[in-house]
Amino acid sequence: MAECKKEHGECGKGCFVDSVIHVDVKDYYGKTLKKTSDLKSNACLAPSQPIPAFILKALRKIHPEVTAKYYGCGLVVPECLGGCRLLDLGSGSGRDCYMLSQLVGEKGHVTGIDMTEDQLEVARKYVDHHMQEFGYGKPNVDFVQGYIEALKEAGLKENSFDIIISNCVVNLSPDKRKVLSDAYHVLKDGGELYFSDVYSSSKLSDEIKNHKVLWGECLGGALWWEDLVRLAQEVGFSPPRLVTANVITVDNMELEAILGDYKFVSATYRLFKIPKISNKGSLVIYNGNITGFEESLEFDAEYTFKVDEVVEVDGEVASILSHSRFAEEFTFQLPGVPAGCSVKKPKVGTVNPFELVLQLGSATVSSATGGCCGAESSCCK
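These figures come from a predicted structure and were not determined experimentally.

J.: Help me out: how do you make sense of the packing of aromatic side chains in this one?
T.: The geometry of two aromatic rings is summed up by the distance between their centres and the angle between their planes. Taken as a whole and assessed by the stated rule, the structure comprises 11 aromatic pairs. Relative to phenylalanine 299, the ring of phenylalanine 272 has its centre 6.2 Å away and its plane inclined at 15°; by these criteria the two rings are stacked. Of the two residues, phenylalanine 272 is situated in strand 10 (residues 264-272) and phenylalanine 299 in the loop between strand 12 (296-298) and strand 13 (304-306); the sequence distance between them amounts to 27 residues. We note that phenylalanine 272, like phenylalanine 299, is buried. Ring geometry for phenylalanine 305 versus phenylalanine 330: centroids 5.0 Å apart, planes at 80°, classification edge-to-face. Separated by 25 residues along the polypeptide, phenylalanine 305 in strand 13 and phenylalanine 330 in strand 15 (residues 330-333) bring together distant segments of the chain.

J.: It is not clear to me how the pattern of salt bridges should be interpreted in this structure. Could you clarify?
T.: Once the charged atoms of two side chains with opposite charge are near each other, the side chains can pair. Counted according to the given criterion, the structure contains 16 salt bridges. A salt bridge links arginine 270 to glutamate 192, with the nearest nitrogen and oxygen atoms 2.6 Å apart. Taken together, the positions of arginine 270 in strand 10 and glutamate 192 in strand 7 (residues 187-200) put the pair 78 residues apart, joining distant regions of the chain. Lysine 203 serves as the salt-bridge partner of aspartate 227, at 2.7 Å between the closest nitrogen and oxygen. Note that aspartate 227 is positioned in helix 10 (residues 225-234) and lysine 203 in the loop between strand 7 and helix 8 (206-209), a separation of 24 residues in sequence.

J.: Help me understand the packing of helix 7 (residues 176-186) against helix 10 in this model?
T.: A packed helix pair is summarised by two numbers, namely the angle formed by the two axes and the spacing between the axes. Contact pair helix 7 / helix 10: the axes reach a minimum separation of 9 Å and the direction vectors enclose 40°. By the angle class used here, helix 7 and helix 10 are oblique. Pair helix 7 / helix 10 crosses with right-handed handedness. Here Lys176, Arg177 and Leu180 of helix 7 come into contact with helix 10, specifically with Leu228, Arg230, Leu231, Ala232 and Glu234. Residues of the contact of helix 7 with helix 10, tallied by class, amount to four nonpolar, no polar and four charged.

Rules and cut-offs
Residues numbered from 1 in each chain as written. Predicted model: local features only at pLDDT ≥ 70, side-chain atom pairs only at ≥ 80, totals over all residues. Heavy atoms only, no water. Phe/Tyr/Trp six-rings, centres within 6.5 Å; stacked < 30°, edge-to-face > 60°. Helix = DSSP H or I, 4+ residues; strand = E, 2+ residues; numbered from the N terminus. Buried < 20%, exposed > 50% of the residue type's maximum accessible area, 1.4 Å probe, protein only. Salt bridge = Lys/Arg side-chain N within 4 Å of Asp/Glu carboxyl O. Axes fitted to C-alpha atoms, helices over the stretch in contact; angles between N-to-C directions. Parallel < 35°, antiparallel > 145°, perpendicular 65-115°, else oblique. Left-handed = near helix turned anticlockwise from the far one by under 90°. Contact = heavy atoms within 4.5 Å. Nonpolar A, V, L, I, M, F, W, Y, C, P; charged D, E, K, R; others polar.

Rendered as structure tokens:
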């Protein structure tokens, strides 16, 4: 492979070459950072939000060393996970993988991919420990070394995952389009990319993008949120659905001086791999069968579905619900209000995380943090 001269990406010979950014990120997360407190800003720290009891229970079963080496910017837990095959992009020390291992259940499976040897060493060290802790007869977790821009080269097959998550990692990649494209291809039809990341208020200057510490702190590589919306649809995903948004305050005078007037948020979006979106809306009724969400399901910042309540959804959301793992969780009706029935209209939606924060008049806009199906049912077939 010595003749391959490309800085990063596929060279056409089945290899994937370290870029300068990849090397810097490996060093930062493998050598510079030894624990969460070594971070120089709060961009990669999860905001203080209530965490559902069933997730807290799962987190408490994770080994302390795995938790200490976790550097994510949020808690990424989509709903309805029972029996699903799930991929974690940039899995790091494996904290989210081990938490989700409990939520997909013994019949589900979680794969973590990361490029950093030191992080993978910690994750793999505790596989047997966690399987014993969870009471599983065999592992339902594995960890793969590779790049999130080169999933095929890492041995991950197309159409093989129900859900992909990522927690403050896409911003660390030098090629965001390739990350989204590869994620799209390894997802099954109806699959979802549910991820939290850092976004900027406008395109970043070269000075910021070339700053090693800012890149390692999840700021230098942050996408302008409008670029995410564009790139996601260009590679085939449905339009992004904004779930949560949290203002990031850097709290580091040296870094703040470099950043100037740029603003940042941590935001969670959900992207679905579905057929062409219908122009026809629908009336839907949530059945309340997702464990942890028996009374209501906060799907995104626009739609909250209460059990047995008739909700009018647009063609985009109707297509997502009817072609994804949520199809069996809803009853669908043709447009037109049944006699004697009231219909709930959705809130005005936005995909702009900065606008969402302003609308709610708070630095934190958050929903319940995902969920899973109970032992009696599976969301993924």
